[in-house]
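Reading the structure
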Amino acid sequence: MPLPLTVLLFTVLAATGAPSGQEARQTPPVGQQGAGRPSDAEPPDAPVRAPDFEPSGVSNTEVPAPPRAESAPVGPEGTDAPALPTVDARANYEDALIAWGLGEVERQVEPAPEGKVLEEVLVAAEEVVAPMDPYPSLLNIFHVRTRDEVVRQEVLIAPGQPYSEAVVAESVRNLRKLGLFSVVRAVPVKGREPGKVALLLVTKDLWSLRLNNEFSAVGSLLLYLRLQGTEQNFLGRGKKVALDFIMRLDTFSLGQSYTDKRVLGSRWSLSESAALLINRETGRAEGSRGSLIVSRPLYSLSTPWSLSTSVAWNVETARQFRGADIWQLPFPDGAPVPYVYNTREVAAGATYTRSYGTRDKWNVGLGAGAYHYAYAAPVASQLSDAQVDWFRRNYLPRAEDAGYVNLSLSAFKARYDVLRNVDSYTLSEDYQLGHSVVATLRYAPPVFPSAAHFAESGLSARYRVHWGDALTTASAAASIRRQFSAQQPGVREGWTNRRWAAELVQVSPRVLGGRFVARGLLDVNIDDLSERVSLLGGSNGLRGAAVDAYSGKRLLLVNLEYRTAPLVVRTVHLGGVFFFDSGSAFNRRPEMVSTVGVGLRLLFPQFNVFPFRIDFGYVLNGDRPPVGSRFSLSSGQVTDYRPTFLDSP
């Protein structure tokens, strides 16, 4: 039976252990995994794909920064303005922490720090549960606060060097990307000696020993659940150890992972994971997946080079669901064909990147790698030869072996502004402004008998403008492949893998304390070798419609929301949303279905840097599901669901 609203609210309140930052925004993929998302973002347990170049983004680092930044910026880089001695946490959560930090070090704000000699770096680290928070301080016993040296090693300016607001702002962005803190703010304070300045870093840890989770549910149907027992700040040193449980409609997996972003205090990073997949119906193991990545990222705008190496595998039985049932494909000459296939994927590669420029960044990457992708209908499906051939030609991802070399180029403007109350209610949000362009070229020669022979290229571009208190972001991407020979059945020579997508997001100035947010998204696939299918309906962008109600290889989606200002209860932020969604997943012509509705947003800044959402929608011009199925429960904002293709084609 459908979940009542009280149960949904309790679930949200219990979900305060969800992962923070960008990691939490990784979602089950569309098409092959049947999670019903209007994007092809890949989670840590996604199918293996060939290693690629380092994307450009918010900063000159290996992974684009999540949108977190400060408000009330001084200068172009968004360093902090002088804070008042006392600030009401209900009015401004982060400024209240700055006032506390100034009191801890007993220093005064330096109003003109630029160019003065940096005397020292001070750290004021607030407990996870502070007196202003609505939780018992006893919880602090179970959390090891991040060590001051871990904070200091991310600062890109050393004592004795001239103070630079731009370098300090970049250091703060790097600290936020570690995923250890809900708040990081930098405040220049007066030095002990005349003419010198000290840097005060005010931090507040996220709760690190916890049961992280990701989930997606519509009505009484739980589409996806990930529970991760994690210590993401082991001994306060920023190391992450985790045990993973992932449940889908057909399988659950048990795994482990370890991530060290600063191996032995160096700039090298290491990440490894492994998991066993178990069929929920039979209780038997039916696959495994894992990866190992060792890299030295571009950790600052002045870092001249980076290196990334990786190996990964994925062995599983992939099942595509429509709602709670396996999708039955309409075979024209007989019984339907279940959308089920065996997957065998292995990939390895390495990329060296050279970085140029400071304000106008150019990153040039050169890499090489190899992969083996194999897909087949399982024997258990008992398909006829005609059904197997039809399934392979129309729905099965194309098997492929290849060795390749690739060239990548990313260019972006190293300019950043800071906003608040766009995706979160009170925490800082970073936005890179101006252009960001990524271009790739890959060539795969026939180096062994079964190897594919092709050349492919991709281009993505984004331009962002911050005007007044409004934010406009336009993104577009395109890719194409030239197949020179076809070593696998069903692969034809000539042009293929033609795809393009575009997105426009408009965030309004504040209206009655809240903001209007509008998004339009179009994703078009032509001759897709992976036979990717988009599913639309439920929490993935068409709220109020039945889960996965609409399918197609192309997607058109429009979202319009008004996100209210939050009601703050002892640092818990509660807000509302009024929305209008209109979308279509289609193959030829879109048939738009529209919904309207309301929602709740909850932010617990001690535990997460993004809100949880509960939405209730009503279909205006399509099939209306039962009332209980019109509720959707998820994390993050609806605009987070977008194709990763727009950033990395």
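Report follows, based on the coordinates. (Residues numbered from 1 in each chain as written. Predicted model: local features only at pLDDT ≥ 70, side-chain atom pairs only at ≥ 80, totals over all residues. Heavy atoms only, no water.)

Turning our attention to the overall build of the protein. Secondary structure summary: the protein contains 6 helices and 34 strands in total. Evaluated residue by residue, the protein yields a buried proportion of 59% over its 649 residues. Here the analysis covers contacts within the protein between residues at least 6 apart in sequence; of these, 65% occur between residues at least 24 apart. Entry remark: accessible area of the protein is about 25300 Å², with carbon and sulfur atoms responsible for 62%. (Helix = DSSP H or I, 4+ residues; strand = E, 2+ residues; numbered from the N terminus. Buried < 20%, exposed > 50% of the residue type's maximum accessible area, 1.4 Å probe, protein only. Contact = heavy atoms within 4.5 Å. Areas by Shrake-Rupley, 256 points an atom, 1.4 Å probe, with all protein chains shown as cover.)

Turning next to the pattern of salt bridges. Overall, the coordinates contain 36 salt bridges when judged by the stated rule. Among the ionic pairs, Arg319 bridges to Glu286, the shortest N-O distance being 2.9 Å. In this pair, Arg319 sits in strand β12 (residues 305-319) while Glu286 sits in strand β11 (residues 285-296), placing the two residues 33 residues apart along the sequence. Across the pair, Glu286 and Arg319 agree in class, each one buried. Notably, a salt bridge pairs Arg499 with Asp523, separated by 2.8 Å at the nearest N-O pair. Of this pair, Arg499 sits in strand β25 (residues 494-507) while Asp523 sits in strand β26 (residues 515-526), and the two are 24 residues apart along the sequence. Judged by relative accessible area, which is 11%, Arg499 ranks as buried. In the salt-bridge network here, residues are joined through shared partners; they are Asp423, Arg543, Glu561, Arg563, Asp581, Arg601, Arg613 and Asp615. (Salt bridge = Lys/Arg side-chain N within 4 Å of Asp/Glu carboxyl O.)

In this structure, the second largest pocket encloses a volume near 240 Å³. Lining of the second largest pocket is provided by 14 residues; of these, Val167, Glu170, Leu301, Ser302 and Thr358 occupy positions nearest its centre. Partitioning the lining of the second largest pocket into residue classes produces 6 nonpolar, 4 polar and 4 charged. (1 Å grid on protein atoms, 1.4 Å probe; cavity = no way out; pocket = protein on both sides within 12 Å on 5 of 7 lines; lining within 4 Å. Points joined across faces, edges and corners; volume = space filled by probe spheres on them. Nonpolar A, V, L, I, M, F, W, Y, C, P; charged D, E, K, R; others polar.)

For an α-helix, the turn length of 3.6 residues means that residues three or four places apart are oriented alike. With 13 residues, helix α3 (residues 93-105) extends 19 Å from end C-alpha to end C-alpha; this agrees with the ideal 18 Å at 1.5 Å per step. Taken together, the buried positions of α3 are occupied by Tyr93, Glu94, Ala96, Leu97, Ile98, Ala99, Gly101 and Leu102. (Expected span 1.5 Å × (residues − 1).)

A few words now on a nonpolar patch on the surface. Together, Val511, Leu512, Phe516, Leu560, Phe580, Val596, Tyr618 and Leu620 give the surface a local cluster of nonpolar side chains, amounting to about 700 Å² of exposed area. The residue Val511 is located in the loop between β25 and β26 in this model. Exposure remark for Val511: the relative accessible area of 33% places this residue in the partly exposed category. (Patch = residues over 30% accessible without salt bridge, like charges linked within 9 Å, V, L, I, M, F, W, Y side chains within 5 Å.)

Next up on the list: the pairing of strand β4 (residues 181-190). Here β4 lies mainly inside the structure; 9 of its 10 residues are buried. The pairing of β4 with strand β5 (residues 196-205) spans 9 bridges and is classified as antiparallel. Along β5, the bridge assignment pairs Arg185 with Val202. In textbook terms, the turn of a hairpin is the stretch between consecutive antiparallel strands, and for β4 and β5 this stretch comprises 5 residues, one of which, Gly195, has a positive phi near 80 degrees. (Pairing = 2+ DSSP bridges.)

The next subject is the nonpolar core. One broad rule of soluble globular proteins: the nonpolar side chains tend to lie buried together. Counting residues in hydrophobic clusters, the biggest one holds 27 residues, and the most contacted among them are Leu102, Val187, Val189, Leu200, Leu427 and Phe604. With 4 residues, α3 is the single largest residue contributor to this core. Residues Leu329, Tyr339, Tyr373 and Tyr404 belong to the second largest nonpolar core, which totals 23 residues. (Core = buried A, V, L, I, M, F, W, Y, C linked by side-chain atoms within 4.5 Å.)

Moving on to the packing of aromatic side chains. For the coordinates displayed, the defined rule picks out 14 aromatic pairs. Measuring from centroid to centroid gives 6.3 Å for Tyr339 and Tyr341, while their planes differ by 45 degrees, and the two rings are tilted. Judged by its relative accessible area of 1%, Tyr341 falls in the buried class. Ring geometry for Phe604 against Phe612: centres 6.5 Å apart, planes inclined by 55 degrees, an arrangement best described as tilted. Both residues of the pair, Phe604 and Phe612, belong to the buried class. (Phe/Tyr/Trp six-rings, centres within 6.5 Å; stacked < 30°, edge-to-face > 60°.)

Of all 10 residues in β5, 9 are buried; the element is thus mostly enclosed. One ladder, built from 9 bridges, connects strand β3 (residues 117-126) with β5; its direction is parallel. Pairing of Val123 across the sheet is with Leu201, part of β5.

Let us now look at helix α5 (residues 165-177). With 13 residues, α5 extends 19 Å from end C-alpha to end C-alpha; this agrees with the ideal 18 Å at 1.5 Å per step. Of all 13 residues making up α5, 11 are buried, and the element is well covered by its neighbours. Turning to α5, its buried residues number three or more, namely Glu165, Val168, Ala169, Glu170, Ser171, Val172, Arg173, Asn174, Leu175, Arg176 and Lys177. Phi turns positive, to about 75 degrees, at Gly179, one or two residues after α5.

Before going further, it helps to examine unusual backbone geometry. At Leu264, a position not held by glycine, the phi torsion is positive, near 50 degrees. You can see Leu264 is positioned in the loop between β9 (251-260) and β10 (269-279). Residue classification places Leu264 among the exposed residues on the basis of a relative accessible area of 84%. The phi dihedral of Gln382 is positive, around 50 degrees, even though this residue is not glycine. You can see Gln382 is positioned in the loop between β18 (360-376) and α6 (385-394). According to the relative accessible area criterion, Gln382 is exposed, its value standing at 71%.

It is worth spelling out the sheet that holds β4 at this point. Ordered in space as β3-β5-β4, the 3 strands form an open sheet in which the pairing is mixed. Edge strands, defined here as strands with exactly one partner in the open sheet, are β3 and β4. Within this sheet the neighbouring strands show an average axis-to-axis angle of 20 degrees, counted without direction. Helix-sheet contacts for α3 involve β3, β4 and β5, and the interaxial angle to β4 is about 50 degrees. Seen against the sheet, α5 touches β4 and β5 and runs at an angle of roughly 155 degrees to β4. (Axes fitted to C-alpha atoms, helices over the stretch in contact; angles between N-to-C directions.)

Here Ser582 lies in strand β31 (residues 572-586). Non-local contacts of Ser582, meaning those with residues more than four positions away in its chain, are made with Leu542, Leu556, Leu557, Val558, Met592, Val593 and Ser594. Here the side chain of Ser582 touches Ser594 through a polar contact of 3.1 Å, side chain to side chain. (Polar contact = N/O pair within 3.5 Å; in protein donor to acceptor, adjacent residues only side chain to side chain.)

Before going further, it helps to examine the side chain of Lys239. Looking at the secondary structure, you find Lys239 in strand β8 (residues 239-247). Within the local environment of Lys239, its side chain forms a polar contact with the backbone oxygen of Arg262, the two atoms lying 2.8 Å apart. Filtering out sequence-adjacent residues up to four positions away, Lys239 remains in contact with Glu231, Gln232, Asn233, Phe234, Tyr258, Thr259, Asp260 and Arg262.

The values reported here are purely geometric and, on their own, carry no functional implication.
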